[in-house]
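# Coordinates in review
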Amino acid sequence: MQKILEMLKLQQELNDATNGTGWENGFTKNGKIIDWKRCIYMESAELIDSFAWKHWKAIDKAPDWDNIKVETIDIWHFALSLLLQEFKLKNLGSLEDLAKNIVSQESYLSFSTKVAETKDDSLYEVIKMVEEMMFDVLNPKDFNLNLFVNNFFIMALNCGVDLNVLYSLYIGKNVLNRFRQDNGYKEGSYIKIWDGSEDNVVMLDIMAKNPSYGVDELYSSLAKVYKKL
């Protein structure tokens, strides 16, 4: 539960810093409408595009599992935000209560104990899992928080993301998101392609070479690379 709680706290802090306190009411401090459900299904569509699902293009191309994992983490950021918003607006309890709710879900046991594996020939099954999760958020009248969480964990495990992978990549992406905000992402001046590679790829490469890095060390390493652009 500690990893889930830490991610919830980090997401709350990031949303407060980026959108202003009170973002749970559906608006940023600048008056921009927030729609976490739209964020989730747009990221889900990007995840699906990481599979060679098109019958007319690159039909023998293997799934881009590295990008699939990154897209899964992006979905998790927005999923956490949606869960935080739902819990706040419906007065369901504290962050600790939300963490307990998440780890109590049926699919969490497998998600937290199994080592995720990927299979190139399972793309249509995985795509269906992604779409089932998308359908959970597309129904505005009957959003079921617990069903959504369960379907996310089932999907993630089949996308190569178990609890340890989720936690590690979430921390990395959370740091990158903070770095983006600190360097003009909202204003449109941020440079996302770093010497021919997307910043996501650079972040993953830094983490792979320095697995013991903490939050501050990763942020500093990103800053050093960015200054050279």
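For the structure, check the block above.
All values reported here derive from a predicted model rather than from experimental measurement.

### Regarding the overall build of the protein
Each helix and strand in the protein was counted, giving 10 helices and two strands. Taken from the N to the C terminus, the helices and strands of the protein come in the order α-α-α-α-α-α-α-α-β-β-α-α. Since a compact globule built from 229 residues should have a radius of gyration of about 17 Å, the 18 Å found for the protein is in line with a globular shape. C-alpha extents for the protein along the principal axes are approximately 50 × 45 × 35 Å. The contacts of the protein with a sequence gap of at least 6 include a subset with a gap of at least 24, amounting to 74%.

### Observations regarding helix H1 (residues 2–19)
Under the 1.5 Å per step criterion, the end-to-end length of H1 is 25 Å for 18 residues, consistent within 8% with the ideal 26 Å. For H1, the complete set of buried residues consists of Ile4, Leu5, Met7, Leu8, Leu10, Gln11, Gln12, Leu14, Asn15, Thr18 and Asn19. Those residues of H1 that are buried are in contact with helix H2 (36–48), helix H3 (65–89), helix H4 (95–103), helix H5 (108–113) and helix H8 (163–182). A positive phi of about 95° marks Gly20, the residue just after H1.

### Brief notes about the side chain of Asn174
Inspection of the secondary structure puts Asn174 in helix H8. Residue classification places Asn174 among the buried positions, given a relative accessible area of 3%.

### Some remarks on the packing of helix H9 (residues 199–209) against helix H10 (residues 215–227)
With their axes 11 Å apart at the nearest point, H9 and H10 run at an angle of 125° to one another. With respect to H10, the axis of H9 lies oblique. Regarding H9 and H10, the two cross each other, and that crossing is right-handed. Contacts from Val202, Met203, Ile206 and Met207 of H9 reach H10 at Leu218, Ser221, Leu222 and Val225. Taken together, the residues that form the contact of H9 with H10 break down as seven nonpolar, one polar and no charged.

### Here we look at the environment of Phe143
Tracing the sequence through the fold places Phe143 in the loop between helix H6 (123–138) and helix H7 (145–158). Assessed through its relative accessible area of 14%, Phe143 is described here as buried. If we ignore the near neighbours within four places in the chain, the residues touching Phe143 are Lys37, Leu82, Glu86, Asp136, Val137 and Phe148.

### Some points on the packing of H2 against H3
Between H2 and H3, whose axes approach to 9 Å, the crossing angle comes to 170°. Put simply, H2 runs roughly antiparallel to H3. As for the relative orientation of H2 and H3, their crossing is left-handed in sense. Residue-level contacts link Trp36, Lys37, Cys39, Ile40, Glu43, Ser44, Glu46 and Leu47 of H2 to Ile68, Glu71, Thr72, Asp74, Ile75, Phe78, Ala79, Ser81, Leu82 and Gln85 of H3. Class assignment for the residues of the contact of H2 with H3 results in nine nonpolar, four polar and five charged.

### Notes on the layout of surface pockets
Counted as a void, the largest pocket has a volume near 960 Å³. Along the wall of the largest pocket there are 32 residues; nearest its centre are Trp36, Cys39, Phe78, Gln181 and Tyr185. Every element with two or more residues in the lining of the largest pocket is listed here: H1, H2, H3 and H8. The residue inventory of the lining of the largest pocket, partitioned by class, reads nine nonpolar, 11 polar and 12 charged.

### Description of unusual backbone geometry
In the Ramachandran plot, Ala58 falls in the positive-phi region, its phi being about 45° despite a non-glycine side chain. Here Ala58 shows up in the loop between H2 and H3. Backbone geometry at Asp195 places phi at a positive 50°, although glycine is not the residue there. The exposure class assigned to Asp195 is exposed, which follows from its relative accessible area of 76%.

### Quick notes on a nonpolar patch on the surface
On the surface, Trp53, Trp56 and Tyr124 cluster together into a nonpolar patch covering about 400 Å² of accessible area. By the secondary structure assignment, Trp56 is in the loop between H2 and H3. A relative accessible area of 55% means that Trp56 is categorised as exposed.

Parameters at a glance
- Counting restarts for each chain: residues are numbered from 1 in the order of the written sequence.
- A pLDDT threshold of at least 70 governs which residues receive local features in this predicted model, and a stricter bar of 80 or more applies before side-chain atom pairs are shown or counted, although totals over entire chains, interfaces and linings include all residues.
- Only hydrogens and water are set aside when side-chain values are computed; all heavy atoms of the structure are taken into account.
- Counting from the N terminus, the helices are DSSP H or I runs at least four residues long and the strands are E runs at least two residues long.
- Radius of gyration: C-alpha atoms only; globule rule: 2.2 Å multiplied by the number of residues to the exponent 0.38.
- Contacts are assigned to residue pairs with any non-hydrogen atoms lying within 4.5 Å of each other.
- Multiply 1.5 Å by the residue count of a helix minus one, and that product is the helix's expected span.
- Summary of the burial criterion: residues with accessible area below 20% of their type's maximum are buried, those above 50% are exposed, and those between are partly exposed, where the area comes from a 1.4 Å probe applied to protein chains only.
- Here an angle of 0 to 180 degrees is reported between the N-to-C directions of two axes, which are lines fitted to C-alpha atoms, with helices fitted over the stretch in contact.
- Small angles under 35 degrees read as roughly parallel and large ones over 145 as roughly antiparallel, with 65 to 115 read as roughly perpendicular and the rest as oblique.
- Left-handed describes a crossing whose near helix is turned anticlockwise from the far helix through less than a right angle; right-handed describes the clockwise counterpart.
- Lys, Arg, Asp and Glu make up the charged group, whereas Ala, Val, Leu, Ile, Met, Phe, Trp, Tyr, Cys and Pro make up the nonpolar group; the residues left over, Gly among them, are polar.
- Buriedness for pockets is judged along seven lines, at least five of which must meet protein on both sides within 12 Å for an open set on the 1 Å grid over protein atoms alone, while cavities are sets there where a 1.4 Å probe fits but cannot get out, and lining residues have an atom within 4 Å of a point.
- Grid points are joined across faces, edges and corners, and a volume is the space filled by probe spheres set on the points.
- A patch consists of residues whose relative accessible area exceeds 30% and which take part in no salt bridge; residues with like charges are grouped when within 9 Å of each other, and nonpolar side chains (Val, Leu, Ile, Met, Phe, Trp, Tyr) when within 5 Å.
- The protein chains shown are the only cover counted for residues, whose accessible areas, like all others here, come from Shrake-Rupley with a 1.4 Å probe.
- For this analysis, a salt bridge means a side-chain nitrogen from Lys or Arg found within 4 Å of a carboxyl oxygen belonging to Asp or Glu.

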